[in-house]
Amino acid sequence: MHLSRPGLALTALCVAALSACSTSATSGSPSASDGLLVATTVSPITSIAASIGGDRVRIEGIVPEGTNSHTFEPEPSVAALLSTADLILVNGLKLEDPTLSLAETNKKADAKIVEIGTNVLPESDYIYDFSFPKEEGKPNPHLWTDTAYTVKYAAAIREELSALDPANAAYYAANFTAFEKKVNELDAAVRTDQQTVPQGNLKLLTYHDAYAYFAKDFGWQVIGAVQPKNFSDPNASDVAALIDQVKAQNVKTIFGSEVFPSKVLEEIGRATGATYEDSLRDDDLPGAPGEADHSWLGLMKYNYATMIKGLGGQTPSIDAVVVDSTVPDNAVYPQ
Ligand SMILES: [Zn+2]
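Values in this document were obtained by computation on a predicted structure and should not be read as measured data.

### Section: the packing of helix α9 (residues 236-248) against helix α10 (residues 263-272)
Right, on to step 1. Two numbers describe how α9 lies on α10: the axes approach to 10 Å, and their chain directions differ by 45 degrees. Between α9 and α10, the angle is such that the two are oblique. Considering only the axes of α9 and α10, their crossing is right-handed. Residues Val239, Leu242, Ile243, Val246 and Lys247 of α9 pack against Val264, Glu267, Ile268, Ala271 and Thr272 of α10.
Right, on to step 2. Class assignment of the residues belonging to the contact of α9 with α10 gives a composition of 7 nonpolar, 1 polar and 2 charged.

Here's what the structure looks like:
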């Protein structure tokens, strides 16, 4: 969190000559230090929020990058952040239940908790599968790996910020428009480039089951996910069944991620001849906080390109998407 010197000087001037000072969008905007404090959970949601809030809100993530968000238990110290936040944004869909209950216990009386994913996904569209079986009551929560839901997340965040801070509503609306344009650009690029994948190859076997909604939207087939519902490694008979499935469906590449390193995928690769690509990033943003790549856009550009190349396609359109933003990202991303 840093205040720019011009901002301080302007504040002083405003005190000296009140009549001359309006909250002009470019120079006299409220600084983030006296703006809203927004607590978020996983880094893709933190990044989407930063794309809308820019430097007019303070945003602080809770789930460290590279952590299994599904089993994450916040430290008691997170209560301090939750007790001062004006707005608490979680994915919901039962992803962050321990954080949610800590928030409910500790939040300011007038602070709002918004379960964005729960709000944008009708129950009739819940996806249950091997890693998220219906009998457990927890649907697959990964909406942010799909472009259309990402735009819905951004719109929901714009609405919440505008309601709490109407003075900056035009700023949040402009940021939303710019972000939506970028997401749609990436969406179109993926739809173009996936056509270069040989016929019948758009089949995904991932370790972590993060692409169910994306696959449905883009016409890919998720043939399986390796990780069982308790996020441990699968047992021998599950592995044997996956090996049969990979062979039967002639899957070219199986995908693992840095967040969930697994020997099991290597084993499936060896047994089937499928290539093992282990660099999907799930919700671990590329680069370092503050860099352009360290963003939802950087993350998903990388993941989509890696998947399409792994399945035998080329990615000239995705590669051409410039990862940048019209606003600075000053959010706190715990590492
Ligand atoms: Zn996940």
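### A short note on the environment of Asp86
Right, on to step 1. Residue position: Asp86 is located in the loop between α3 (78-84) and β3 (87-90).
Right, on to step 2. Given 20 C-beta atoms within 10 Å, Asp86 falls into the buried group.
Right, on to step 3. The sequence separation of Asp86 and Leu161 amounts to 75 residues, and the corresponding C-alpha distance is 9.9 Å.
Right, on to step 4. Beyond its immediate sequence surroundings of up to four residues, Asp86 is in contact with Leu36, Leu37, Val38, Ala111 and Leu164.

### Thoughts on helix α7 (residues 169-193)
Right, on to step 1. Taking 1.5 Å per residue as the helical rise, α7 with its 25 residues ought to reach 36 Å, and the 36 Å between its terminal C-alpha atoms agrees with that figure.
Right, on to step 2. When we look at burial in α7, the residues that qualify are Tyr171, Tyr172, Asn175, Phe176, Phe179, Lys182, Val183, Leu186, Asp187, Ala189, Val190 and Asp193.
Right, on to step 3. In this fold, the buried residues of α7 make contact with α2 (43-53), α6 (147-164), α8 (212-218), α11 (296-310) and α12 (316-319).

### Here we look at unusual backbone geometry
Right, on to step 1. With phi around 55 degrees, Leu93 is a residue other than glycine that occupies positive phi space.
Right, on to step 2. Among the structural elements, Leu93 can be located in the loop between β3 and α4 (97-106).
Right, on to step 3. Leu93 sits in the buried class, given 21 other C-beta atoms within 10 Å.

### A closer look at the nonpolar core
Right, on to step 1. Within the largest apolar cluster, 79 residues are counted, with the highest numbers of intra-cluster contacts made by Ala49, Ile52 and Leu89.
Right, on to step 2. Of the domains in this structure, domain 2 (30-187) and domain 3 (189-319) are the two that each give at least three residues to this core.

### Quick look at the sheet that holds strand β2 (residues 57-61)
Right, on to step 1. Within the open sheet, the 4 strands sit side by side as β2-β1-β3-β4. Their pairing is parallel. If you trace the sheet from one side to the other, it starts and ends with β2 and β4 (112-115), each paired once. Neighbour-to-neighbour, the strand axes of this sheet turn through a mean angle of 20 degrees, independent of strand direction.
Right, on to step 2. Pairing geometry for strand β1 (residues 36-40) and β2, over 5 bridges, is parallel. Across the sheet, Ala39 pairs through a bridge with Glu60, a residue of β2.
Right, on to step 3. Contacting β1, β2 and β3, α2 crosses the sheet at an angle of about 175 degrees to β2.

### Observations concerning the environment of Glu123
Right, on to step 1. Structurally, Glu123 can be placed in the loop between α5 (116-120) and α6.
Right, on to step 2. When the C-alpha positions of Glu123 and Pro139 are compared, they lie 9.3 Å apart, and in sequence the two are 16 residues distant.

### Re the pairing of strand β7 (residues 253-257)
Right, on to step 1. Of all 5 residues making up β7, 5 are buried, and the element is well covered by its neighbours.
Right, on to step 2. Of the two faces of β7, the one holding Thr253, Phe255 and Ser257 and the one holding Ile254 and Gly256 are both buried throughout.
Right, on to step 3. One ladder, built from 4 bridges, connects β7 with strand β8 (residues 275-280); its direction is parallel. Bridging across to β8, Phe255 finds its partner in Glu277.
Right, on to step 4. A crossover connection joins β7 to the parallel β8 through α10; in handedness this β-α-β unit is right-handed.

Criteria and cut-off values
Residues numbered from 1 in each chain as written. Predicted model: local features only at pLDDT ≥ 70, side-chain atom pairs only at ≥ 80, totals over all residues. Axes fitted to C-alpha atoms, helices over the stretch in contact; angles between N-to-C directions. Helix = DSSP H or I, 4+ residues; strand = E, 2+ residues; numbered from the N terminus. Parallel < 35°, antiparallel > 145°, perpendicular 65-115°, else oblique. Left-handed = near helix turned anticlockwise from the far one by under 90°. Contact = placed C-beta atoms within 7 Å. Nonpolar A, V, L, I, M, F, W, Y, C, P; charged D, E, K, R; others polar. Buried ≥ 20, exposed ≤ 12 C-beta atoms within 10 Å, placed from the backbone. Expected span 1.5 Å × (residues − 1). Core = buried A, V, L, I, M, F, W, Y, C linked by C-beta atoms within 7 Å. Domains from an automatic or database assignment. Pairing = 2+ DSSP bridges. Right-handed = clockwise from strand over helix to strand, strands pointing away.

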